[in-house]
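Structural description and commentary
Next come the chains, spelled out residue by residue.
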Amino acid sequence: MDKIVSLCKRRGFIFPSSEIYGGLASTFDYGPLGVELKRNVKAAWWKAVVHDRDDMVGLDASILMHPDVWKASGHTDSFNDILVDCKKCKNRCREDHIVGGKCPHCGGKEFTKGRAFNLMLKTHLGAVEDGASLAYLRPETAQGIFVNFRNVMDTTSRKLPFGIAQIGKAFRNEVTTGNYTFRMREFEQMEIEYFTKPEDAEGCHKQWIEDRLNWFHDLGIRKENLRLREHGKNELAHYAKACSDIEYQFPFGWSELEGIANRTDFDLKQHSKFSGKDLQYQDKVTNERFFPYVIEPSGGVDRATLAFLADAYHEEEVEGRTRVVLKLSKQLAPTKAAVLPLLKKNNDIVVLAKNIKKDLEQCFTTVYDDTAAIGKLYRRQDEVGTFFCVTVDVDSLEDRKVTVRERDTMEQQRIALDHLKTYLIEKLSN
Ligand code: ATP
């Protein structure tokens, strides 16, 4: 994990938040490469779950919502972690994080009685800070979907089964922090609420588990690093009928990447009850009215991004040196091509290289770099997962060809400038 954290800092993927002020616990900023990677993760998700499907639409609800939303959802009363203090080292930790009865900090075995701690972050809206102005920063994006269920139904005339997808920020006052971007106080979620007839819910649940597992795998995560964990009956939220977590083998152990739950008709019923608005679905053929069941694949953008980074990190021995290479998939690699002039003192080479860069960046993310010798430039690009290096040399001025080096195989080929763009596009879309 230290190697990944160091690479992320050194090469501009992830920085500690407010670093010049000493940082703020469990908050992080994405740097120039990190933001590209994260945007690619979100774009791949959106394409897979919205654009490539006929049964899904998107939504972008606000972070601030009416406080009654959280009463209806149960968050005000029960979005709690149970905390205990270790009597030996006085550290506070989550009761469910104690393994074998031992304090995770000092191994102590005596704890205070558990106390509930609500994870929602509070704020006040308007000029007066009193109970009436209290609002919460949403602890999940899901509720924005439920409260818009009728709006989406009325404006899109959807028939069951159909789903609504959303990507957005969520906030939790996490007590147990650490493990880098795995557990943050401000993070992004990618959530789907998929509405079905109750009798179809079990089948849809199974299908979503399979689809979501395949999504991670198709984007490059090795199968042996992914597993499913079905929640035991005692672990399930009171409204959930079933839930399976997709877990990834992070360097710090197997941990949840995404949860896929059958939430029954709990949420729509609760919001109907608390808002007084009828959120039932009416079947247009039978005229029957009922509350649909909901399957919820709920993932974190940051956890997914961390898993993609961890899985892509490779160290290889090449000609007596260690080559660090991020084998990110084509869709996720922040930069698809780097154009490198072999001699930066030769103006003709530089001009040609810059023109190639301009041309390629119309189609995919491309950078130009002439700040080191070619060997070092290759190593830099490998380390950040750039898919191709395009090198312009003296011969390029004569034969109008460039050397294209592929990241994973390090194979080099001379490609005619006229064909360069189509050659790279073909390779990237294969
Ligand atoms: P955990 O048990 O690890 O606290 P959770 O079961 O509370 O997670 P959910 O409420 O199911 O998490 O949230 C859905 C997804 O949102 C998680 O699978 C995870 O990817 C992401 N997520 C939740 N909390 C955080 C956090 N503090 N930091 C980063 N991502 C998070």
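Residues numbered from 1 in each chain as written. Predicted model: local features only at pLDDT ≥ 70, side-chain atom pairs only at ≥ 80, totals over all residues. Heavy atoms only, no water.

For aspartate 393, the position within the fold is in the loop between strand 21 (388–392) and helix 12 (394–399). Owing to a relative accessible area of 13%, aspartate 393 belongs among the buried residues under this scheme. From its side chain, aspartate 393 meets the backbone nitrogen of aspartate 395 in a polar contact 3.2 Å long. Side-chain polar atoms of aspartate 393 contact the side chain of arginine 414, separated by 3.1 Å. Apart from the residues within four sequence positions on either side, aspartate 393 is in contact with Leu342, Ile349, Thr403 and Arg414. (Helix = DSSP H or I, 4+ residues; strand = E, 2+ residues; numbered from the N terminus. Buried < 20%, exposed > 50% of the residue type's maximum accessible area, 1.4 Å probe, protein only. Polar contact = N/O pair within 3.5 Å; in protein donor to acceptor, adjacent residues only side chain to side chain. Contact = heavy atoms within 4.5 Å.)

The next thing to look at is the packing of aromatic side chains. How two aromatic rings sit relative to each other is given by the distance of their centres and the angle of their planes. Overall, the coordinates contain 17 aromatic pairs when judged by the stated rule. Summarising the aromatic geometry, the rings of phenylalanine 182 and phenylalanine 252 are spaced 5.4 Å apart at their centres and angled 75° between planes, so their arrangement reads as edge-to-face. Here the residue phenylalanine 182 occupies a position in the loop between strand 9 (162–171) and strand 10 (186–196), and phenylalanine 252 occupies one in the loop between strand 12 (242–250) and strand 13 (253–262), the gap between them amounting to 70 residues. Residue class for phenylalanine 252 comes out partly exposed when judged on its relative accessible area of 28%. Ring-pair connections join several aromatic residues into one group, and the members of that group are Phe146, Phe149, Phe162 and Phe195. (Phe/Tyr/Trp six-rings, centres within 6.5 Å; stacked < 30°, edge-to-face > 60°.)

Considered domain by domain, the protein chain is made up of domain 1 (2–66 + 132–310) and domain 2 (335–429). The gap between the C-alpha centroids of domain 1 and domain 2 is 38 Å. Contacts between the two partners involve seven residues from domain 1, matched on the other side by six residues from domain 2. With both chains or domains summed, domain 1 and domain 2 bury close to 500 Å², and 48% of this area falls on carbon and sulfur atoms. Three residues, Leu7, Arg11 and Leu33, lead the burial of domain 1 against domain 2; their summed loss comes to 63% of the area buried on that side. For the pair domain 1 and domain 2, the interface holds two salt bridges. In this structure, glutamate 383 engages arginine 11 in a salt bridge whose closest nitrogen and oxygen atoms are separated by 3.0 Å. Counting the contacts that link domain 1 with domain 2 gives three residue pairs in polar contact (both at pLDDT 80 or more). Secondary structure elements with two or more residues in the side of domain 1 that touches domain 2: helix 1 (2–10) and helix 2 (32–51). In terms of residue count, the dominant contributor to the side of domain 1 that touches domain 2 is helix 2 (three residues). Of the residues in the side of domain 1 that touches domain 2, the class split is three nonpolar, one polar and three charged. (Domains from an automatic or database assignment. Buried area = accessible area lost by both parts, 1.4 Å probe. Salt bridge = Lys/Arg side-chain N within 4 Å of Asp/Glu carboxyl O. Nonpolar A, V, L, I, M, F, W, Y, C, P; charged D, E, K, R; others polar.)

Time to look at the packing of helix 10 (residues 347–360) against helix 13 (residues 417–429). Interaxial distance between helix 10 and helix 13 falls to 11 Å at its minimum, and their mutual angle equals 35°. Here helix 10 and helix 13 pass one another in a crossing that is right-handed. In this structure, helix 10 contributes Leu352, Ile356, Asp359 and Leu360 to the contact, and helix 13 contributes Leu417, Leu420, Lys421 and Leu424. (Axes fitted to C-alpha atoms, helices over the stretch in contact; angles between N-to-C directions. Left-handed = near helix turned anticlockwise from the far one by under 90°.)

The ligand sits among 16 residues. The nearest are Glu174, Arg183, Met184, Glu256 and Leu257. One of the backbone nitrogen or oxygen atoms of glycine 300 is found 2.9 Å away from an oxygen atom of the ligand. Look at the ligand: alone it shows 600 Å² of surface, and the protein chains cover 82% of it. Elements with a contribution of two residues or more to the shell around the ligand: strand 10, strand 13 and strand 16 (293–300). Tallied by class, the residues present in the shell around the ligand amount to four nonpolar, five polar and seven charged. (Near = heavy atom within 4 Å. Areas by Shrake-Rupley, 256 points an atom, 1.4 Å probe, with all protein chains shown as cover.)

As a further point, take helix 7 (residues 201–218). Note: α-helices contain 3.6 residues per turn, so residues at a spacing of three or four share the same orientation. Given a rise of 1.5 Å per residue, 18 residues ought to cover 26 Å, and the 25 Å separating the end C-alpha atoms of helix 7 matches this to within 8%. Phi turns positive, to about 115°, at glycine 220, one or two residues after helix 7. (Expected span 1.5 Å × (residues − 1).)

As summarised here, the arrangement of the three strands in space is 5-4-6, forming an open sheet in which the pairing is antiparallel. The two strands at the open ends of the sheet, each matched to only one other strand, are strand 5 (92–94) and strand 6 (115–118). Ignoring strand direction, the axes of neighbouring strands in this sheet form an average angle of 45°. (Pairing = 2+ DSSP bridges.)

If you trace the backbone, serine 298 turns up in strand 16. Residue class for serine 298 comes out buried when judged on its relative accessible area of 15%. In contact with serine 298, other than residues within four places in its own chain, are Gln189, Met190, Glu191, Glu258 and Gly259. A polar side-chain atom of serine 298 sits 2.5 Å from a polar atom in the side chain of glutamate 191.

The next subject is the sheet that holds strand 23 (residues 412–416). A sheet is described by the order of its strands in space; here five strands give the open sequence 20-19-21-22-23, paired in mixed fashion. Of all strands in the sheet, those bounded by a partner on one side alone are strand 20 (366–368) and strand 23. Taken pair by pair, the neighbouring strands of this sheet meet at an average axis angle of 25°, ignoring direction. Looking at chain direction, strand 22 (residues 401–406) and strand 23 are connected through five bridges and run antiparallel. By the bridge assignment for strand 23, lysine 401 is matched with alanine 416.

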